[in-house]
Amino acid sequence: MRFLYLLLVCSICFALAYSALLHANRQGDSVFEALRFNALVAVFSAILALALGARQLPQRETLLCGAAYGVALAAYLFCKSQALATGPMAATTLIGCSSLVFQTLLGSVFWRETVTLAQILGVVLMLAAMLCSVDGGLEKGGSRRWKLYCAGLVTANTAVGMIFKLHQSTAAAAQTHELLVAGFGLGALMLGICCRILPSSARKAPPLRRKLVLWAALCSLASCGYNLLNARLAGLLPSIVFYPVFNGSVLVFALPVSVIFFREKITGRNAVGILLAVAAVLLLGNVVSLPL
């Protein structure tokens, strides 16, 4: 069990590193450059997932879920990189983690999972945390474009979580690596197609340099790392432990990372938003129950 918690710590570190790398790279000035960069990340991630464990021909369920995953993943990679490029890291991370709210609600609809009073309160607290985060983000340089990218990030992140859950309920649940290979591969293809269909005036960008390729490789290592670990840990650790600990830790540690490495100023409203989000994650994960 200690080894599993060590893997969970590694997953949290990979997730934080991925956000920090994207925020530092800032491919937000050109849509074409952002699409090209994320296509590279997806290609490298597919290669890593293939090298680390994809050994079987994918079953039909894996192919179908992989196709849906590829579409959602392409949107997730693009929206996350653009949200982190155009807004503050702490607020963007908080909003991205709020997809847990919608995953909880959708789980109750499609998988008939019980929603408790504590989880309902958790939804309310997370929505309040999002409002604090959005307002605070605008004070520190966020924009209307940042809001749109954050909305896309939450939608795509919710879809990715639901697709993983659907795949784990099929007979092909063990084909995690194959699912990631299919998803990252299709995501790379879709991002590449988007690059090609942009007007020629929008495709003006400096040629790929070695530094940018290396940066994409580092991002793919972090992205593929936490996706593979999470897919594995989701089946080995109780959901009541795994999801709240992962999301809560990413939320909490994104704050000092943004302050130390990017010198973001955290207002009182931001601090309240983080505290509300952590409380919401604990309630949504049923770690904390309400006395009746």
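Position numbers for residues count from 1 along each chain, tracking the sequence in the order it is written. Confidence filtering applies because this is a predicted model: local features only for residues at pLDDT of at least 70, side-chain atom pairs given and counted only at 80 or more, and all residues used for totals across whole chains, interfaces and linings. Side-chain measures here rest on the full set of heavy atoms in the structure, leaving out hydrogens and waters.

**Brief notes about the packing of aromatic side chains**
Point 1. Note on ring pairs: Phe, Tyr and Trp rings are taken, using the six-membered ring of Trp, and paired if centres are within 6.5 Å. Classes follow the plane angle, with under 30 degrees stacked, over 60 edge-to-face and the rest tilted. Within the structure shown, the criterion is met by 5 aromatic pairs.
Point 2. Judged by centre distance (6.1 Å) and plane angle (45 degrees), the ring pair of Y18 and Y226 falls under tilted. Highlighted residues: Y18 in helix α1 (residues 2–25) and Y226 in helix α9 (residues 210–236), separated in sequence by 208 residues. Comparing Y18 with Y226, the two get one shared label, buried. Each helix is a run of DSSP H or I of at least 4 residues and each strand a run of E of at least 2, with the numbering of both proceeding from the N terminus. The cut-offs for exposure are 20% and 50% of the maximum accessible area for each residue type, with area from a 1.4 Å probe on protein chains only; residues under the lower value are buried, those over the upper are exposed, and the others partly exposed.

**Some remarks on the packing of helix α7 (residues 144–168) against helix α8 (residues 176–197)**
Point 1. Axis lines are fitted to C-alpha atoms, over the contacting stretch for helices. Their N-to-C directions set the angle, which ranges from 0 to 180 degrees. Direction vectors running N to C along α7 and α8 enclose 140 degrees, while the axes themselves pass 11 Å from each other. On the basis of their axis angle, the class for α7 and α8 is oblique. In this structure, α7 meets α8 at a crossing whose hand is right-handed. In this structure, α7 uses F164, H167 and Q168 to contact α8, whose residues at the interface are T176, L179 and L180.
Point 2. Under the scheme applied here, ten amino acids are nonpolar (Ala, Val, Leu, Ile, Met, Phe, Trp, Tyr, Cys and Pro), four are charged (Asp, Glu, Lys and Arg), and all others, including Gly, are polar. Of the residues assigned to the contact of α7 with α8, the class counts are 3 nonpolar, 3 polar and no charged. Working definition: roughly parallel below 35 degrees, roughly antiparallel above 145 degrees, roughly perpendicular at 65 to 115 degrees, and oblique for all remaining angles. Take the far helix as the reference: if the near one is turned anticlockwise from it by less than a right angle, the crossing is left-handed, and if turned clockwise, right-handed. By the convention used here, residues are in contact when the closest approach between their heavy atoms is within 4.5 Å.

**A few points about the nonpolar core**
Point 1. Take the buried residues of types Ala, Val, Leu, Ile, Met, Phe, Trp, Tyr and Cys, join any two whose side-chain atoms come within 4.5 Å, and each joined set is a nonpolar core. Counting residues in hydrophobic clusters, the biggest one holds 82 residues, and the most contacted among them are Y18, Y69, Y76 and F246.
Point 2. The biggest single contributor to this core is helix α3 (residues 60–86), with 11 residues.
Point 3. Those residues in contact with Y18 that lie beyond four places of it in its chain are Y76, L77, K80, C219, A222, S223 and Y226.

**Some thoughts on the side chain of T86**
Point 1. Note on placement: T86 falls in helix α3.
Point 2. A residue is classified by how much of its surface remains accessible, and T86, at 13% relative accessible area, is buried.

**Description of helix α2 (residues 31–53)**
Point 1. In this analysis, the expected span of each helix is defined as 1.5 Å times one less than the number of residues it contains. In a regular helix each residue adds 1.5 Å, so 23 residues correspond to 33 Å; α2 covers 33 Å between its end C-alpha atoms and thus fits that length.
Point 2. Of the residues flanking the start of α2, the one acting as N-cap is S30, its side-chain oxygen 3.4 Å from the backbone nitrogen of F32. Polar contacts, as counted here, are pairs of nitrogen or oxygen atoms within 3.5 Å of one another; within protein the pair requires one atom able to donate a hydrogen and one able to accept it, and residues that are adjacent in sequence qualify only if both atoms are side-chain atoms.

**Observations regarding the confidence of the model for the protein chain**
Residues shown with low pLDDT carry predicted positions that ought not to be read at fine detail.
Point 1. Residue-level confidence of the predictor is what pLDDT reports, using numbers from 0 through 100. When pLDDT is averaged along the protein chain, the result is 84, and 91% of the positions lie at 70 or above.
Point 2. Ignoring residues within four places in sequence, the model shows residues 137–141, a span with pLDDT below 50, making 12 contacts including any to other chains.

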